[in-house]
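Residue strings, one per chain:
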Amino acid sequence: MNDRPVHLLVTDDLQRSRLTVLFRLLFALPHLIWLALWGIAAFVAVVLNWFATLIAATSPRALHNFLAAYVRYAIHVSAYLSLAADPFPDFLGRPGYPVDVEIAPPARQNRWTVGFRIVLAIPALLLAGTLTTAGARGYGANYGTGLLGVASFLGWFAALARARMPRGLRDAMAYALSYAAQLDAYLFLLTDRYPNGDPQVAIGELPARDDPIRLDATGAPLERSRLTVFFRLLLALPHIVWLTLWGIAAFFAAIANWFATLIGGRSPEALHRFLAAYVRYQTHVYVYLYLIANPFPGFTGREGSYPVELTIAAPQNQNRWTVGFRIFLAIPALFISSAYGGVLYVVALLGWFTGLFVARMPLGLRNAGALALRYSAQTNGYLYLLTDAYPYSGPVAATPAQAPPQVSPSPLGGVV
Amino acid sequence: MTEAEAASTTRSRAPRTPAPRTLLAGVAAVAIGAGLWLVAERLLWPTTVPAGLHLPRLHPTGSFGKAYLARSASYARFLDVDALLSRLALLAVLCVYAKRGHGLMRESAAGPIGTGMLLGMLGFAIVWIAELPFGLAAVWWERHHHVSHQGYASWIFQSFTSLGGKFLFVSLALLIAAGGGSRRLPRSAGSRCWRPFSAST
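The structure displayed is predicted, hence computed values, not measured ones.

1. Notes on the overall build of chain A
For step 1, the next point in the chain: Across its full length, chain A carries 17 helices and four strands.
For step 2, the next point in the chain: Taking 416 residues into account, the globule formula puts the C-alpha radius of gyration at 22 Å, and chain A, at 23 Å, falls close to it.
For step 3, the next point in the chain: Seen through its principal axes, chain A has C-alpha atoms that stretch 70 × 55 × 30 Å.
For step 4, the next point in the chain: Within chain A, the proportion of its 416 residues that are buried is 51%.
For step 5, the next point in the chain: Sequence-distant contacts in chain A: of pairs separated by 6 or more residues, those separated by 24 or more amount to 77%.

2. Topic: the overall build of chain B
For step 1, the next point in the chain: The secondary structure content of chain B amounts to seven helices and zero strands.
For step 2, the next point in the chain: Helices and strands in chain B line up, N terminus first, as α-α-α-α-α-α-α.
For step 3, the next point in the chain: The buried share among the 201 residues of chain B stands at 16%.
For step 4, the next point in the chain: Pairs at least 24 residues apart make up 79% of the contacts formed inside chain B by residues separated by at least 6 positions.

3. Concerning the interface of chain B and chain A
For step 1, the next point in the chain: If you look at the interface, chain B gives 19 residues, while chain A gives 21 residues.
For step 2, the next point in the chain: Those elements that provide at least two residues to the side of chain B that touches chain A are α5 (112-144) and α6 (152-181) of chain B.
For step 3, the next point in the chain: The biggest single contributor to the side of chain B that touches chain A is α5 of chain B, with eight residues.
For step 4, the next point in the chain: Classifying every residue of the side of chain B that touches chain A gives 12 nonpolar, six polar and one charged.

4. Things to note about the packing of helix α7 (residues 122-131) of chain A against helix α16 (residues 331-358) of chain A
Residues and elements named next belong to chain A.
For step 1, the next point in the chain: Following both chains from N to C, one finds α7 and α16 inclined at 165 degrees, their axes separated by 8 Å at the closest point. In terms of axis orientation, α7 runs roughly antiparallel to α16. Classified by chirality, the crossing of α16 by α7 is left-handed. Residues Pro-123, Leu-126, Leu-127, Thr-130 and Leu-131 of α7 form the contact with α16, whose participating residues are Gly-342, Val-343, Val-346 and Leu-350.

5. Structural notes on unusual backbone geometry
Residue and element names in this part refer to chain A.
For step 1, the next point in the chain: Of note, Ala-57 is a non-glycine position whose phi angle comes to about 65 degrees, a positive value.
For step 2, the next point in the chain: Tracing the sequence through the fold places Ala-57 in the loop between α3 (29-56) and α4 (61-81).
For step 3, the next point in the chain: Residue classification places Ala-57 among the partly exposed residues on the basis of 14 C-beta atoms within 10 Å.
For step 4, the next point in the chain: Of note in the backbone geometry, Leu-189 takes a positive phi value of approximately 60 degrees without being a glycine.

6. Considerations on helix α8 (residues 147-162) of chain A
All names here are of chain A.
For step 1, the next point in the chain: Taking 1.5 Å as the rise per residue, α8 with 16 residues should run 22 Å; its terminal C-alpha atoms sit 22 Å apart, in good agreement.
For step 2, the next point in the chain: Maximal helix bending in α8 amounts to about 25 degrees, located at Gly-155.
For step 3, the next point in the chain: Within the sequence span of α8, burial applies to Leu-147, Leu-148, Gly-149, Val-150, Ala-151, Ser-152, Leu-154, Gly-155, Ala-158 and Ala-159.
For step 4, the next point in the chain: Check the buried side of α8 and you find it contacts α1 (18-22), α7, α9 (167-187) and α16.

7. A word on the domain arrangement of chain A
Residues and elements named next belong to chain A.
For step 1, the next point in the chain: Per the domain assignment, the segments of chain A are domain 1 (6-187) and domain 2 (213-383).
For step 2, the next point in the chain: Placing the centre of domain 1 and that of domain 2 at their C-alpha centroids yields a distance of 31 Å.
For step 3, the next point in the chain: Across the boundary between the two partners, domain 1 contributes 10 residues, which contact nine residues of domain 2.
For step 4, the next point in the chain: Top contributing element to the side of domain 1 that touches domain 2 by residue count: α7, with five residues.
For step 5, the next point in the chain: Across the side of domain 1 that touches domain 2, the residue classes tally to eight nonpolar, two polar and no charged.

8. Topic: α3 of chain A
Quick reminder: α-helices carry 3.6 residues per turn. Residues three or four places apart thus point the same way.
Residues and elements named next belong to chain A.
For step 1, the next point in the chain: Here α3 contains 28 residues, and its C-alpha end-to-end distance of 39 Å stays within 8% of the 40 Å for a straight helix at 1.5 Å per residue.
For step 2, the next point in the chain: Inspection of α3 places His-31, Leu-35, Trp-38, Ala-42, Ala-45, Asn-49 and Thr-53 among the buried residues, and these make up the whole buried set.
For step 3, the next point in the chain: Of the surrounding secondary structure, the elements contacted by the buried residues of α3 are α4 and α5 (111-115).
For step 4, the next point in the chain: One or two steps after α3, the chain reaches Ala-57, where phi turns positive at roughly 65 degrees.

9. Points about the pairing of strand β1 (residues 6-10) of chain A
Residue and element names in this part refer to chain A.
For step 1, the next point in the chain: Across the five residues that make up β1, a large majority, four, are buried.
For step 2, the next point in the chain: Pairing of β1 with strand β2 (residues 99-103), which is carried by five bridges, proceeds in the antiparallel orientation. Along β2, the bridge assignment pairs His-7 with Glu-102.

10. Some thoughts on the environment of Met-117 of chain B
For step 1, the next point in the chain: Mapped onto the elements of the fold, Met-117 of chain B is located in helix α5.
For step 2, the next point in the chain: Here Met-117 of chain B falls in the buried class, since 27 other C-beta atoms lie within 10 Å of it.
For step 3, the next point in the chain: Between the C-alpha atoms of Met-117 of chain B and Val-81 of chain B, which are 36 residues apart in sequence, the distance is 33 Å.
For step 4, the next point in the chain: Not counting residues up to four positions away in its chain, the partners in contact with Met-117 of chain B are Pro-238 of chain A together with Ser-171 and Leu-174 of chain B.

11. So, the nonpolar core
Residues and elements named next belong to chain A.
For step 1, the next point in the chain: The biggest cluster of nonpolar side chains holds 135 residues, and the ones touching the most others in it are Val-71, Val-99, Leu-147, Ala-176 and Leu-177.
For step 2, the next point in the chain: For this core, the element with the highest residue contribution is α9, accounting for 14 residues.
For step 3, the next point in the chain: A domain split of this core shows at least three residues from each of domain 1 (6-187) and domain 2 (213-383).
For step 4, the next point in the chain: With residues near it in sequence (within four places) discarded, Leu-147 still touches Thr-130, Leu-131, Ala-172, Ala-176, Ala-339, Tyr-340 and Val-343.

12. Some words on the confidence of the model for chain A
For step 1, the next point in the chain: The pLDDT averaged across chain A works out to 90; a share of 93% of its residues lies at or above 70.
For step 2, the next point in the chain: In this model, residues 401-414 of chain A is a region of pLDDT below 50 whose contacts with residues beyond four sequence positions or in other chains number 17 contacts.

Cut-offs applied
Starting from 1, residues in each chain are numbered consecutively following that chain's sequence as written. Chains and ligands are labelled sequentially in the order written, the chains with letters from A and the ligands with numbers from 1. Only residues with pLDDT of at least 70 get local features here, since the model is predicted, and only at 80 or more are side-chain atom pairs given and counted; chain-wide, interface and lining totals rely on the full set of residues. Each helix is a run of H or I in the DSSP string that is no shorter than four residues. Each strand is a run of E no shorter than two, and both are numbered from the N terminus. Here the radius of gyration uses the C-alpha set of atoms, whereas the globule reference equals 2.2 Å times the residue count to the power 0.38. Counting other C-beta atoms within 10 Å of a residue's C-beta gives its exposure: the residue is buried at 20 or more, exposed at 12 or fewer, and partly exposed in between, where C-beta atoms are placed from the backbone. The contact criterion used here is simple: two residues whose C-beta atoms, placed from the backbone, lie within 7 Å are in contact. Each residue receives one of three labels: charged for Asp, Glu, Lys and Arg, nonpolar for Ala, Val, Leu, Ile, Met, Phe, Trp, Tyr, Cys and Pro, and polar for the others, Gly being one of them. For helices, the fitted axis covers only the stretch in contact; all axes are lines through C-alpha atoms, and the angles between them, taken along N-to-C directions, range from 0 to 180 degrees. Comment on the angle field: the value is read as roughly parallel under 35 degrees, roughly antiparallel over 145, roughly perpendicular from 65 to 115, and oblique elsewhere. Crossing handedness: left-handed means the near helix sits turned counterclockwise from the far one by under a right angle, and right-handed means the same turn made clockwise. To estimate the expected span of a helix, subtract one from its residue number and multiply by 1.5 Å. The bend reported for a residue corresponds to the angle between axes fitted to the seven residues ending at that residue and the seven starting there. Just so you know, the domain bounds were taken from an automatic or database domain assignment. If DSSP finds at least two bridges between two strands, the strands pair. As used here, a nonpolar core is made of buried Ala, Val, Leu, Ile, Met, Phe, Trp, Tyr and Cys residues. They are joined through C-beta atoms within 7 Å. You can read pLDDT as the predictor saying how much it trusts each residue, on a scale of 0 to 100.

As structure tokens, this is what we get:
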């Protein structure tokens with residue numbers, strides 16, 4: 001049995017043609033019309049497939065192949081439209097496109113899950129709504145204001161300027177498309193494997209990066225305490241109050257840091273340490289609030305004090321031009337961060353129910369949340385001038401955090 | 001290391017004891033407070049009913065009727081029993097929490113004070129859960145007698161949000177209570193720090 005019956009194959013080389021990028025929406029129009037027509041036939045086929053699979057427990061091969069081709073074609077069109085791939089796709093959904101879907105042949109399915117498939121798919125639909133846009137998915141094309149929509153909007157400018165799509169944006173889009181493909185296949189009864197939101201397995205090989213701000217969630221246990229899960233929002237209240245107060249100080253520290261870095265070309269040690277502790281603490285609080293980890297965090301943002309660890313490198317020399325215009329340069333990252341924020345809300349909502357029922361957080365949800373929080377922390381670190389490395393929007397290979405550097409003791413002595 | 005340095009190090013590591021002057025001031029403050037209390041009590045005690053005060057005579061049965069009073073007594077009895085059962089459940093839950101609450105320490109990655117806050121909040125949370133059915137029973141009874149028109153969901157939501165206020169209060173209280181003394185806590189007290197925190201709930 002295939003371990004992943006539906007998975008995305010990405011062979012895109014990141015090169016983009018400026019001309020087709022500029023007119024991408026117009027070029028995609030014939031495909032969108034054809035996709036809508038094919039979608040009507042696919043809807044009828046899905047209904048037939050539902051009855052057939054409910055009776056025989058296996059999807060008939062002809063229907064399976066027809067719907068698999070439709071899902072493949074929808075992903076090709078979405079990839080083309082969102083600039084995750086460059087070549088003009090063919091109209092039959094044949095395999096071989098740079099962003100392609102591989103769907104396993106029909107296999108036996110549980111009749112109960114077939115019967116209640118639409119209800120069971122609701123949580124996956126919620127997550128897909130933040131990764132893509134649920135409203136546009138009825139016609140097969142996955143685009144809109146979710147992560148995919150924001151990444152393709154920003155990617156349009158980047159590809160037009162550099163004739164190349166940044167890998168982070170492409171991978172973020174591929175992650176969203178991978179989930180959309182899995183959801184389509186699940187909804188269309190091509191498989192009974194529930195869509196997996198884990199970015200670590202969504203798009204094949206991931207880059208191993210050595211970013212100055214890294215989040216490591218690999219060592220955090222997935223077990224959850226039902227009691228603290230149920231009251232999580234209320235339990236986080238003292239942290240939210242403290243985070244708000246600390247945030248006021250961090251705001252002024254960031255302004256001071258901006259002037260200091262603009263003059264000295266490097267963030268002063270004390271300000272860097274203060275702001276790094278704030279960003280780390282903020283991440284700890286969000287990790288706790290959004291159920292990415294279970295333990296109640298400390299109040300000092302001390303490095304090495306929490307199972308989901310944010311590692312922030314020591315101050316480095318920074319380009320004064322990027323320091324001067326940092327707030328403007330951070331705008332695209334803030335857009336992406338906002339899109340990931342939507343993902344995080346849904347992860348927390350689904351994780352809350354799952355944690356209450358099975359006292360455990362699914363690995364896929366945990367990793368999706370960790371990706372969103374890593375991006376948020378990188379964006380904050382970039383804004384507060386802790387680094388001039390631009391946030392990386394795609395998933396990265398999980399690497400355990402290195403030993404934390406020597407830090408000065410917390411002023412509160414680690415008692416809180 | 002010289003003897004003087006060694007003595008100085010020993011002094012700095014030994015737990016601090018209050019200075020005699022501070023102790024004296026504390027005792028004096030308590031004595032003055034107690035004296036004021038006694039004076040106030042002495043003045044308030046010989047209270048007399050003013051002459052010529054005629055209290056109206058009230059006959060409940062005459063005003064309300066026997067059936068109405070019986071229904072009122074039944075109404076109050078249910079609430080009394082409900083409150084009594086609620087207290088018993090609360091005591092049982094608190095006993096269990098006092099006995100097994102330390103197990104929840106593993107849910108914390110914070111230091112002693114942060115862990116204390118968590119245990120304090122969880123204490124309130126457990127109390128809330130224990131009292132929830134009885135609170136709902138009281139709401140049902142009041143609705144049944146048209147005393148209240150509040151919906152169940154509304155009551156739960158209101159009670160849940162007020163729990164958030166209690167969480168903040170207990171966190172702040174524990175921070176003030178434990179924060180001042182945290183530097184005086186011996187290292188070995190760390191493993192037992194949950195006891196005063198759970199007791200405080």
